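Fold and contact review
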Amino acid sequence: MPIELTNVSYTYLKGTPVARLGLRDVDLHIGDGEWIAVMGPTGSGKSTLLQHLNGLLKPDAGTVLIDNFNIHASAKILRETRQKVGLVFQYPEHQLFSSTVWKEICYGPENFGFSGSDVETAVKKAMETVGLEFTRYKDCSPTELSGGEKRRVALAGVLAANPRFIVLDEPTAGMDYSGIQRIVEAVRRLNRDRGVTVVWVTHDITEVVDLADRLLVLNSGRVEAVGATREILADPRLAALGLDVPIAVTVADGLRKKGKPLAGYPVTIDEIKQEIVNLLR
Amino acid sequence: MEGIVLGQYIPGNSFIHRLDPRSKLVISIILLWMVFLLTRPAEFVGFSVFIVFSYFMAGVTGSFLRVLKPGFYLILFTLTVNMVFTPGHSIFSLGPVAVTREGFILGAVIGLKLVFLISVSSLITLTTSPVRMTDGLERLLRPLRRIGVPVSELGMMMNIALRFIPTFWEETDKIKKAQVSRGADFNTWNLSRRVKYATALLVPLFVSAFRKSDELAVSMEARGYSVGMERTSLYELEMHKRDYVTLVVVSVLAAVFLWYRTAV
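This structure is a prediction, so every number in the text was calculated from the model and none was measured. Residue positions are given per chain, counting from 1 as you read along its sequence in written order. The naming scheme follows written order: chains are lettered A onward, ligands numbered 1 onward. Note on the predicted model: pLDDT of at least 70 is required for a residue's local features to be given, and 80 or more for side-chain atom pairs to be given and counted; whole-chain, interface and lining totals, by contrast, use all residues. Remark: hydrogens and water are excluded; side-chain values derive from all non-hydrogen atoms of the structure.

**Notes on the sheet that holds strand β8 (residues 197-201) of chain A**
Residue and element names in this part refer to chain A. Here is the rule: Note: two strands are recorded as paired if DSSP finds a minimum of 2 bridges between them. A run of H or I in DSSP becomes a helix once it reaches four residues, and a run of E becomes a strand once it reaches two; helices and strands are each numbered from the N terminus. Angles shown run from 0 to 180 degrees and are taken between the N-to-C directions of axes, each axis being a line fitted to C-alpha atoms and, for helices, limited to the stretch in contact. Here, residues are in contact when the closest pair of their heavy atoms is within 4.5 Å.
The six strands are arranged β6-β7-β8-β3-β9-β10 in an open sheet whose pairing can be described as mixed. The sheet is open, and its two edges are formed by β6 (85-88) and β10 (222-228), each paired on a single side. Neighbour-to-neighbour, the strand axes of this sheet turn through a mean angle of 15°, independent of strand direction. With four bridges connecting them, strand β3 (residues 35-39) and strand β9 (residues 214-219) associate as parallel partners. The residue of β9 that forms the bridge with Ala-37 is Leu-215. Sitting on the sheet, helix α1 (residues 46-53) is in contact with β3, β6, β7 (165-169), β8 and β9, with an inclination near 155° to β7.

**A few points about the domain arrangement of chain B**
Just so we agree on the cut-off: Here the limits of each domain have been adopted from an automatic or database domain assignment.
Taken domain by domain, chain B consists of domain 1 (1-150 + 233-264) and domain 2 (166-227). For domain 1 of chain B versus domain 2 of chain B, the distance between C-alpha centres works out to 36 Å.

**Side note on empty space enclosed by the protein**
Residue and element names in this part refer to chain A. What counts, and what does not: Residues are said to line a cavity or pocket when one of their atoms sits within 4 Å of a point; the points come from a 1 Å grid over protein atoms alone, cavities being sets where a 1.4 Å probe fits but cannot get out and pockets being open sets with protein on both sides within 12 Å along at least five of seven lines. Grid points are joined across faces, edges and corners, and a volume is the space filled by probe spheres set on the points.
Overall, the coordinates contain three cavities of 30 Å³ or more when judged by the stated rule. Empty space within the largest cavity amounts to approximately 60 Å³. Taken together, Arg-230, Leu-233, Ala-234, Val-249, Ala-252, Asp-253, Arg-256, Tyr-265, Pro-266 and Val-267 form the lining of the largest cavity. Looking at the lining of the largest cavity, the elements that each hand over two or more residues are α8 (229-233) and α10 (247-257).

**Description of the confidence of the model for chain B**
Residue and element names in this part refer to chain B. Put simply, the test is: On a range of 0 to 100, pLDDT expresses the predictor's confidence in each residue.
Here chain B averages 87 in pLDDT, and 97% of its residues register 70 or above. Per-residue pLDDT stays below 50 along residues 1-5; that stretch engages in 14 contacts with residues further than four places along the chain or on separate chains. With pTM at 0.78, the complex prediction returns an ipTM value of 0.89.

**What about the layout of surface pockets?**
The criterion, for reference: Following the grouping adopted for this structure description, the nonpolar residues are Ala, Val, Leu, Ile, Met, Phe, Trp, Tyr, Cys and Pro, the charged ones are Asp, Glu, Lys and Arg, and the polar ones are all others, Gly among them.
Taken as a whole, the largest pocket encloses approximately 1100 Å³ of empty space. Sorting the residues of the lining of the largest pocket by element identifies β2 (20-30) and α1 of chain A together with α8 (151-181) of chain B as the ones contributing at least two each. The dominant element in the lining of the largest pocket, judged by the number of residues it contributes, is α8 of chain B, at eight residues. Class assignment of the residues belonging to the lining of the largest pocket gives a composition of eleven nonpolar, 13 polar and eleven charged. Estimated volume of the second largest pocket: approximately 970 Å³. Elements represented by at least two residues in the lining of the second largest pocket include exactly α7 (130-141), α8 and α9 (191-222) of chain B. Here the lining of the second largest pocket takes seven residues from α8 of chain B, the largest share from any one element.

**Some thoughts on the domain arrangement of chain A**
Residues and elements named next belong to chain A. To keep things clear, this is the line we draw: As a working definition, buried area equals the accessible area (1.4 Å probe) given up by two parts on being put together, with both sides summed. We count a salt bridge whenever a side-chain nitrogen from Lys or Arg sits within 4 Å of a carboxyl oxygen from Asp or Glu. Pairing of N or O atoms within 3.5 Å defines a polar contact, subject to two protein rules: one partner must be a possible hydrogen donor and the other a possible acceptor, and residues neighboring in sequence count only if both atoms are side-chain atoms.
The domain boundaries assigned to chain A delineate domain 1 (3-245) and domain 2 (246-281). Relative to domain 2, the C-alpha centre of domain 1 lies at a distance of 32 Å. Facing ten residues of domain 1, the contacting portion of domain 2 comprises nine residues. Note on domain 1 versus domain 2: buried area summed over both sides is about 810 Å², and carbon and sulfur give 70% of it. A salt bridge links Arg-230 to Glu-271, with the nearest nitrogen and oxygen atoms 2.8 Å apart. At the surface where domain 1 touches domain 2, the tally comes to three residue pairs in polar contact (both at pLDDT 80 or more).

**Topic: the sheet that holds strand β1 (residues 3-12) of chain A**
Residues and elements named next belong to chain A. Taken in spatial order, the four strands of this open sheet run β2-β1-β4-β5, and their pairing is antiparallel. A single partner strand is all that each edge strand has here, and the edge strands are β2 and β5 (69-70). Here five bridges tie β1 to strand β4 (residues 61-66), and the two strands are oriented antiparallel to one another. Residue pairing for β4: Ile-3 is matched across the bridge by Ile-66. Contacts from α1 reach β1, β2 and β4, with the element oriented near 125° to β1.

**Some remarks on the pattern of salt bridges**
Residues and elements named next belong to chain A. Taken as a whole and assessed by the stated rule, the structure comprises 22 salt bridges over all chains. Where Lys-76 meets Glu-80, a salt bridge forms, and the shortest distance between an N and an O atom there is 3.3 Å. Placement of the pair is Lys-76 and Glu-80 together in helix α2 (residues 75-84), with a separation of four residues, close to one helical turn. Linking Glu-93 and Arg-151 is a salt bridge whose minimum nitrogen-to-oxygen distance equals 3.0 Å.

Put into structure tokens, the structure is as follows:
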């Protein structure tokens, strides 16, 4: 299994009076090329889970295996893991520091020891993936760019190290519709064309409902539910946890309770519209 | 590098915790001044008993050694230097270095005074929250406004600074983690690489600090804050009977001490 978490537990500030639970007994297996979406209320352990995937946090108990290697086995494996698993934090544009887009995106591949020509290829490829034209943007200062462009620069900065796994913490937070579409499209291409495995934390599942193979729901540091995206969404526990359940799912739930037979698991407005049209026929 | 204990404050409800920060500041000034006047062994014993008693009363005895830790090397250094460099009767010598009796006594006296200074000031910070402390300072310094010192603005600046320490700590942690994910190694021994990694941390941190202060300034203005205006506070500091009693008791003690010093 490419990503394999076994019984992972983590406590923040362990052994102090202000200790806080991060994760408890998390078992999770993610296959190559899979797209897994993650939802959960605030403080449910989403960010903690992501930080375990590239070794930023070391579990108190349990193991994290990537490609069958325990990532904390040695400094060398940990370093390789950081390159293999690209981690995109919330508001990644806040970590930009270089004077030009080119230098910014070079940072990752240079740190990971890419040779000069490899760096250029990697940067070009990453910029193309996120939809930033190389010749037009490479000498721009990140400060001149719009919020959406900055975020795509930051995303390219992670992609340039050629990760095989990409882990994103609410990559579309605070963006407008077209910005969201560009980010989703960039990650979709990575996943579909290059087989990159995706872990996508989100509040709004509708943005990736047709892309995510599975949905993982976390609550209080535990795995509450995991399975096929649409089936998990139909689970009434989600609304009980206070998660943003798409309106179509709520409507479908109401229809089912009234004994109306529905064909599938509608999530988008168009889908529920079609279901209602079918019912009225 | 997660979480941070802001200052030394240990929440509690002891008599000392409940004292007004102003009384605690004034009392600590009197006590610190007394420390400098201590000479006779009996005075040292008396003061030590007083310190231990106060720590017990505040219920913070567990922190006593912890607060002394940062000053430990300074105290050790003072003791050693004085032992070696003070002329007098030699007790024993290590090669050319002779330890004198006078030097040992002088070193011990200065070392003990350092312990007193640290423990008195720590007792205040252990029992007063940073916010109450700045409120107290602001009120104590209020008379300086007559000569044009912007006391309440300084108090506001101190409060904001304290309030943002945890925020920037979190921000630093986040940026550091993001750059580590991009292959940065903040613990490398290679100096030029280390400078490069520090840039990747400091630049975003400064940008974020400027952005946050700009946002804060706008939001303060939007709520009607302007420099130089009279402000009231939600929790007014109030001097109680215990404050006056403690102030009087400590002042009388100090006066008795002074009188005894001049009389004997």
